[in-house]
Amino acid sequence: MSLWLLNYFSTFTLALVTVGGTVLLAVVGSLLLRRRHPTLADGEHNDMVGVTLGMFGAIYGIILAFVIVTLWTNLAQAQTIVASEATDAALITRDAAAFPASVQTRLDGTVSGYVHAVVEDQWPRMRAGRPSYGATETHLRDAFRVLQTYEPKSQHEQVFYQQAVNHLDDIASQRRARITMAGQELPWLLQVLAYGGACVLIPLTFLYGTRKRRIQMLFVASVAGLVGFSLLLIVVLDRPFSGDLSVSPAPFRQGALAQYWVR
């Protein structure tokens, strides 16, 4: 469900629906409860409700903060992995300049095929929540085969050969990490806790009565808006390769890799 929302609606639209919808439902619910039970405006239960609301709000706030920070860290880690993978691919193209022209041409061809497969094939799959190793497996295997079948002829070539092998090993490792992160999502227990907690916290604010209806609506709307925005962050950050704030494949088009995108 979250993937569909992220891929078919902008973050601004999701913000309007999530935050605006949460505030609207909270205000309407509070007004209906106040009309049905006018005595709530007297605030005779405010002491008990205030303690309960404060305790529950503190626990729920800690949970939301933990979830949001974790998801943000995962997003930053995904960006770092993508940048590192692209950097290693670019370094291989630079190392290849030390090899004979035939080897350099073959290695350039495999790196070019790899970066195109990542951006044009693998990225849409990750965005849709269906990551696949097969999209780049052939090109990665070909790159390993080029290096495995070449014997360096000099000490100079040996240095760059070893660096190219290390960079290719790193690409394989980072590709696995990237694909693994693309298939991950917030555990369902934490999702129940985050969304279910909102369904408990917001109705609790309805029970905290004040004689001035405008003040109570402002209170309810403020809490609902904060909770709605927190839930929006969870939805947006849960999938690092989907939505407007997703990790971009731009590093695979920049620097030394830009030559593979020149038509």
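Nothing here was measured: the structure is a model prediction, and the numbers come from that model. (Residues numbered from 1 in each chain as written. Predicted model: local features only at pLDDT ≥ 70, side-chain atom pairs only at ≥ 80, totals over all residues. Heavy atoms only, no water.)

Caption draft 1: A look at the overall build of the protein. For the protein, the count of helices and strands is eight helices and zero strands. Going residue by residue from the N terminus, the α and β elements of the protein occur as α-α-α-α-α-α-α-α. Taken over C-alpha atoms, the radius of gyration comes to 27 Å for the protein, far larger than the 18 Å a tight globule of 263 residues would show. Dimensions of the protein, computed from the C-alpha atoms along their principal axes, are close to 90 × 35 × 25 Å. Out of the 263 residues belonging to the protein, those deemed buried represent 43%. (Helix = DSSP H or I, 4+ residues; strand = E, 2+ residues; numbered from the N terminus. Rg over C-alpha atoms; globule rule 2.2 N^0.38 Å. Buried < 20%, exposed > 50% of the residue type's maximum accessible area, 1.4 Å probe, protein only.)

Caption draft 2: Main features of the packing of helix H3 (residues 46–95) against helix H8 (residues 213–238). Closest axis-to-axis distance for the H3/H8 pair is 9 Å, and the angle between their directions is 25°. It follows that H3 is roughly parallel to H8 by the angle criterion. Classified by chirality, the crossing of H8 by H3 is left-handed. Here Leu-53, Tyr-60, Leu-64, Val-67, Ile-68, Leu-71, Trp-72 and Leu-75 of H3 lie close against H8, whose contacting residues are Phe-219, Val-227, Ser-230, Leu-231, Leu-233, Ile-234, Leu-237 and Asp-238. Its residues assigned to classes, the contact of H3 with H8 shows 14 nonpolar, one polar and one charged. (Axes fitted to C-alpha atoms, helices over the stretch in contact; angles between N-to-C directions. Parallel < 35°, antiparallel > 145°, perpendicular 65-115°, else oblique. Left-handed = near helix turned anticlockwise from the far one by under 90°. Contact = heavy atoms within 4.5 Å. Nonpolar A, V, L, I, M, F, W, Y, C, P; charged D, E, K, R; others polar.)

Caption draft 3: Representation of the nonpolar core in the model. Counting 60 residues, the largest nonpolar core has Phe-99, Val-115, Ile-234, Phe-241, Phe-252 and Leu-257 as the members making the most contacts within it. Listing elements by their share of this core, those giving two or more residues are H3, helix H4 (101–127), helix H5 (134–148), helix H6 (155–182), helix H7 (188–206) and H8. Ignoring sequence-local partners within four residues, the contact set of Val-115 consists of Ala-89, Phe-252, Leu-257, Tyr-260 and Trp-261. Leu-6, Val-19, Leu-232 and Val-236 belong to the second-largest nonpolar core, a separate cluster that totals six residues. (Core = buried A, V, L, I, M, F, W, Y, C linked by side-chain atoms within 4.5 Å.)

Caption draft 4: Broad picture of the packing of H4 against H6. Close contact between H4 and H6 brings their axes to 11 Å; oriented N to C, the two are set at 15°. Here H6 runs roughly parallel to H4, going by the angle between their axes. The way H4 lies across H6 gives a crossing that is right-handed. Two secondary-structure elements touch here, H4 through Tyr-114, Val-118, Gln-122, Trp-123 and Met-126 and H6 through Ile-171, Arg-175, Arg-178, Ile-179 and Ala-182.

Caption draft 5: Local environment of the pattern of salt bridges. Per the counting criterion, the structure on display carries six salt bridges. Measuring nitrogen to oxygen at the nearest pair gives 2.7 Å for the salt bridge that ties Arg-125 to Asp-121. On the criterion of helical spacing, the pair formed by Arg-125 and Asp-121 is a turn pair, its members being four residues apart in helix H4. Residue Arg-175 is joined to Glu-137 by a salt bridge in which the shortest nitrogen-to-oxygen separation is 3.0 Å. Within this pair, whereas Arg-175 is found in helix H6, its partner Glu-137 is found in helix H5, the two being separated by 38 residues in sequence. (Salt bridge = Lys/Arg side-chain N within 4 Å of Asp/Glu carboxyl O.)

Caption draft 6: Fine view of H7. Over its 19 residues, H7 runs 28 Å from end to end, which matches the ideal 27 Å to within 8%, given 1.5 Å per residue. Those residues of H7 that fall on the buried side of the exposure criterion are Ala-194, Gly-197, Ala-198, Leu-201, Ile-202, Leu-204, Thr-205 and Phe-206. Tucked into the core, H7 has its buried residues touching helix H2 (11–36), H3 and H8. (Expected span 1.5 Å × (residues − 1).)

Caption draft 7: Molecular detail of H5. An ideal rise of 1.5 Å per residue puts 21 Å on 15 residues; H5 measures up with 21 Å between its terminal C-alpha atoms. Listed as buried for H5 are Ala-135, Thr-136, Leu-140, Ala-143, Val-146 and Leu-147. Down the axis of H5, the sector holding all buried residues measures 115°, keeping them to one side. Across H5 from its buried face, at more than 90 degrees, point the exposed residues Gly-134 and Gln-148. (Arc of directions from axis to C-beta.)

Caption draft 8: The arrangement of a nonpolar patch on the surface in detail. Judged by side-chain polarity, Trp-4, Tyr-8 and Phe-9 come together as a nonpolar surface patch covering roughly 370 Å² of accessible area. For Tyr-8, the location among the structural elements is in helix H1 (residues 2–8). Using a relative accessible area of 61% as the deciding quantity, one classes Tyr-8 as exposed. (Patch = residues over 30% accessible without salt bridge, like charges linked within 9 Å, V, L, I, M, F, W, Y side chains within 5 Å. Areas by Shrake-Rupley, 256 points an atom, 1.4 Å probe, with all protein chains shown as cover.)

Caption draft 9: Quick look at the environment of Gln-259. For Gln-259, the location among the structural elements is in the segment after H8. Considered as a pair, Gln-259 and Ser-112 are 147 residues apart in the sequence and their alpha carbons are 8.8 Å apart. A distance of 2.9 Å separates the side chain of Gln-259 from the backbone oxygen of Ala-256, its partner in a polar contact. (Polar contact = N/O pair within 3.5 Å; in protein donor to acceptor, adjacent residues only side chain to side chain.)

Caption draft 10: Layout of the packing of aromatic side chains. Considering all chains together, one arrives at nine aromatic pairs under this definition. An angle of 75° between the planes, with centres 5.3 Å apart, marks the rings of Trp-4 and Phe-9 as edge-to-face. Aromatic rings pair up to connect Trp-4, Tyr-8 and Phe-9 into one cluster. Geometry around Trp-261 places Arg-253 over its ring, the cationic atom sitting 4.1 Å from the centre. (Phe/Tyr/Trp six-rings, centres within 6.5 Å; stacked < 30°, edge-to-face > 60°. Lys NZ or Arg CZ within 6 Å of the ring centre and 35° of its normal.)

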